[in-house]
Amino acid sequence: MAGPSATLMGVIAIAAIILAGPGLTAPGYSVIAHSISELGAQNTPFSWLMNVGFAAFGLGVIVDAAQRLKGAPWVAASFLVFGFSLFGVAAFSHSPIDPAAAFDQAQSFYERTGVRRFLCWAACAAALALFAAMAAVPEAQGLLQRAMFLSSFIWLPVFLPPQRPEAAVSPST
């Protein structure tokens, strides 16, 4: 007899954390006004716990979806995207519920205007389309994965901020 699915284990882990989280987090947290993501916000008490929950849920979905790639590639691919997105929520934490608290704005993955915004959306669309194509056309996955890497090679240098001169290490030090 098979045990519980990895997804179910992830659901149980994140559900327990979602239920306990409001009692552990920053004063003023409201289950009505604040999101679950804010339980994992930067500079927030026990945020690491919520982020472990997001990662556990994501991992469970990824494990189960990967087992279904051959039988139902499009469905599995959509669940894989969802699972990896949960890892993204854990890795790129929300800003704190206290607007005065410090946080790292570099963790927010969006651009407001211009070419950088277009390239972010284009890279995201390319990655999703190429990932789905790899599942649908496994005999071409080598070529498709190379195209995915090429899109990241174009996107990453544009997205990642340049090093600030004051942070650079000079050769004389």
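So, here is what we can say about the structure in this document. These figures come from a predicted structure and were not determined experimentally.

## What about the overall build of the protein chain?
Logical step 1: Helices and strands together make up the secondary structure of the protein chain, namely 5 helices and 0 strands.
Logical step 2: In the protein chain, the succession of helices and strands from N to C terminus is α-α-α-α-α.
Logical step 3: A burial count over the protein chain gives 28% of its 173 residues as buried.
Logical step 4: Contacts in the protein chain between residues at least 24 apart in sequence constitute 56% of all its contacts with a sequence separation of at least 6.

## Remarks on the packing of aromatic side chains
Two numbers describe a pair of aromatic rings. These are the distance of the centres and the angle of the planes.
Logical step 1: In this structure the tally under the stated criterion is 1 aromatic pair.
Logical step 2: With a centroid separation of 5.8 Å and an interplanar angle of 80°, the aromatic rings of Phe57 and Phe82 are classed as edge-to-face. Placement of Phe57 in helix H2 (residues 47-66) and of Phe82 in helix H3 (residues 73-91) is noted, with a sequence separation of 25 residues between them.
Logical step 3: You can call Phe57 buried: its relative accessible area is 17%.

The rules behind each value
All residue numbers refer to positions counted from 1 along the written sequence of the respective chain. In keeping with the model being predicted, local features are shown solely for residues with a pLDDT of at least 70 and side-chain atom pairs are shown and tallied solely at 80 or more, while totals for entire chains, interfaces and linings include all residues. Side-chain calculation: all heavy atoms of the structure are included, whereas hydrogens and water are not. Labels follow the DSSP assignment, with helices taken as runs of H or I lasting at least four residues and strands as runs of E lasting at least two, numbered in each case from the N terminus. Partly exposed residues are those whose accessible area sits between 20% and 50% of the maximum for their type, while under 20% is buried and over 50% is exposed, using a 1.4 Å probe and protein chains only. By the convention used here, residues are in contact when the closest approach between their heavy atoms is within 4.5 Å. Each Phe, Tyr or Trp ring, with Trp reduced to its six-membered ring, pairs with another whose centre is within 6.5 Å; inter-plane angles below 30 degrees give stacked pairs, above 60 give edge-to-face pairs, and intermediate values give tilted ones.

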